[in-house]
Amino acid sequence: MVKDSLYETYNAIIPVYERTSKAITLGFLNKWRRKTLNLGLRTLNDLGNTPSVLDAGSGPGNMTIELIRSGVKPRRVVLLDQSVPMLNSAPNLNYIDKVCGSFELMPFRSSVFDMVIMGFSLHAVHDLRRTYCEISRVLNNGGVLASISIGKPTNRVYRALGWLYTVIAVPLIALVFAGPRYVSYFYAIHNIYGRLPPNDEFRNTAEGCLRLVQYRDEALGLVNIIVMRKWNHD
């Protein structure tokens, strides 16, 4: 399992993570989480209402919390994250397991989950293609990936606005809502944005591993919602 400074950043910002993330997304964070889950659950509908779920890059489990609030009663949820402190801050319920591991090499058997949910974590991977294929591997046939992540618009003007927002606005918001101690940690968002491929390339990288079902741009493409289904292999 490979760790980098990004996960050290996640460990450091646990006390201010949620409130600052809500501020950075201008209050849309939970709305976008719910929209992603609703689109994913709608796609998964024919597989029933008690899915086995992997929350990949779960952090403190906020996507899982929203899933439970939506009324879904998952048969089993596994929270996967490289940050042990983040996992330790997640809810403790009898049907939730916590696993420390990476996206690129998931410590699970093949075909064990009906749904993979990802809340602002897919953009953090080192190898996007390998991650998509790993997600496909651990999904059952017909299983669904529902992900919301930082995006990089294909439109050059919007892309430049994203650069300005992450380099100027995000540190200022972090200063107000988290305090000066944490500003440098939230600057990592700008570094993530800088290395991301454009949104069309970001989603097309999954071709052959997962089939695109839904794609939504939010905030001028600075956020994207992706719903994909695993190819059936009969």
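These numbers were taken from a predicted model, which means no experiment stands behind them. (Residues numbered from 1 in each chain as written. Predicted model: local features only at pLDDT ≥ 70, side-chain atom pairs only at ≥ 80, totals over all residues. Heavy atoms only, no water.)

K.L.:
Is there a simple way to explain the overall build of the protein in this structure?
P.N.:
Within the protein, the secondary structure is distributed over 10 helices and 7 strands. Considering only C-alpha atoms, the protein reaches an extent of 50 × 40 × 35 Å along its principal axes. Taking contacts inside the protein between residues at least 6 apart in sequence as the whole, the part at least 24 apart equals 71%. Total accessible area computed for the protein in this model is approximately 10700 Å², and 53% of it derives from carbon and sulfur atoms. The average position of the 27 basic charges and that of the 18 acidic charges among the side chains of the protein differ by 5 Å. (Helix = DSSP H or I, 4+ residues; strand = E, 2+ residues; numbered from the N terminus. Contact = heavy atoms within 4.5 Å. Areas by Shrake-Rupley, 256 points an atom, 1.4 Å probe, with all protein chains shown as cover. Lys, Arg positive; Asp, Glu negative; His and termini not counted. Charge placed at Lys NZ, Arg CZ, Asp CG, Glu CD.)

K.L.:
Which parts of the structure should I look at to understand the nonpolar core?
P.N.:
Nonpolar side chains in soluble globular proteins generally cluster together in the buried interior. Core analysis: the biggest nonpolar cluster contains 70 residues, and Leu 54, Phe 108, Val 116, Tyr 132, Phe 186 and Leu 210 have the highest contact counts within it. Once residues lying within four places of it in the same chain are set aside, the contact partners of Phe 108 are Leu 54, Val 78, Leu 80, Val 99, Phe 113, Arg 137 and Val 138. (Core = buried A, V, L, I, M, F, W, Y, C linked by side-chain atoms within 4.5 Å. Buried < 20%, exposed > 50% of the residue type's maximum accessible area, 1.4 Å probe, protein only.)

K.L.:
Honestly, the pairing of strand β2 (residues 76-81) in this entry has me stumped. Any pointers?
P.N.:
Looking along a regular strand, one sees side chains alternate from face to face of the sheet. By the criterion of burial, β2 is predominantly enclosed, with 5 of the 6 residues buried. Pairing analysis gives 5 bridges linking strand β1 (residues 52-56) to β2, with the strands arranged parallel. When the bridges of β2 are listed, Leu 54 appears paired with Val 78. For β2 and strand β3 (residues 96-100), the ladder comprises 5 bridges, and the chain directions are parallel. Within the sheet, the bridge partner assigned to Leu 79 lies in β3 and is Lys 98. (Pairing = 2+ DSSP bridges.)

K.L.:
I'm lost on the environment of Ser 149 in this one. Help?
P.N.:
Within the secondary structure layout, Ser 149 lies in strand β5 (residues 139-150). The buried category is assigned to Ser 149, whose relative accessible area is 0%. In this structure, the C-alpha to C-alpha distance between Ser 149 and Leu 222, residues 73 residues apart in sequence, is 8.6 Å. For Ser 149, the contacting residues outside a window of four places in its chain are Phe 120, Leu 122, His 123, Phe 202, Leu 222, Val 223 and Asn 224.

K.L.:
How should I be thinking about the state of the cysteines in this particular structure?
P.N.:
Two cysteines whose sulfur atoms are joined by a covalent bond form what is called a disulfide. For the structure shown, the criterion picks out 1 disulfide. Across the disulfide, Cys 133 is cross-linked to Cys 209 (sulfur-sulfur distance 2.0 Å). One end of the pair, Cys 133, is in helix α6 (residues 128-138); the other, Cys 209, is in the loop between α10 (199-204) and β6 (210-218), and 76 residues separate them in sequence. By relative accessible area, which is 7% here, Cys 209 ends up buried. (Disulfide = S-S within 2.5 Å.)

K.L.:
Sorry if this is basic, but what is going on with helix α3 (residues 29-44) here?
P.N.:
Note: α-helices contain 3.6 residues per turn, so residues at a spacing of three or four share the same orientation. Compared with the 22 Å implied by 1.5 Å per residue over 16 residues, the 23 Å span of α3 between its first and last C-alpha is a close match. Every buried residue of α3 is listed here: Leu 29, Asn 30, Trp 32, Arg 33, Thr 36, Leu 37, Leu 39, Gly 40, Leu 41, Thr 43 and Leu 44. (Expected span 1.5 Å × (residues − 1).)

K.L.:
I tried to follow helix α2 (residues 17-24) on my own but got confused; where do I start?
P.N.:
Among all positions of α2, only Tyr 17, Thr 20, Ser 21, Ala 23 and Ile 24 are buried. On an axial view of α2, the arc spanned by its buried residues comes to 160 degrees, and they lie on one face. Among the structural elements, α3, α4 (62-69), α5 (84-88), α7 (156-177), α8 (183-186) and α9 (188-195) are those in contact with the buried residues of α2. Looking one or two places after α2, you find Leu 26, whose phi comes out positive at around 60 degrees. (Arc of directions from axis to C-beta.)

K.L.:
What is the right way to read the sheet that holds strand β7 (residues 223-230) from this model?
P.N.:
Whether parallel or antiparallel, the strands of a sheet pair through hydrogen bonds between backbone atoms. With mixed pairing, the 7 strands of this open sheet are ordered in space as β3-β2-β1-β4-β5-β7-β6. The strands lining the two open edges of the sheet, one partner per strand, are β3 and β6. Strand after strand, the sheet turns through a mean of 15 degrees between neighbouring axes, direction not considered. Sheet strands in contact with α3 are β4 (113-119), β5, β6 and β7, and its direction is about 20 degrees off that of β7. (Axes fitted to C-alpha atoms, helices over the stretch in contact; angles between N-to-C directions.)

Everything listed here is a matter of geometry and, on its own, says nothing about what the molecule does.
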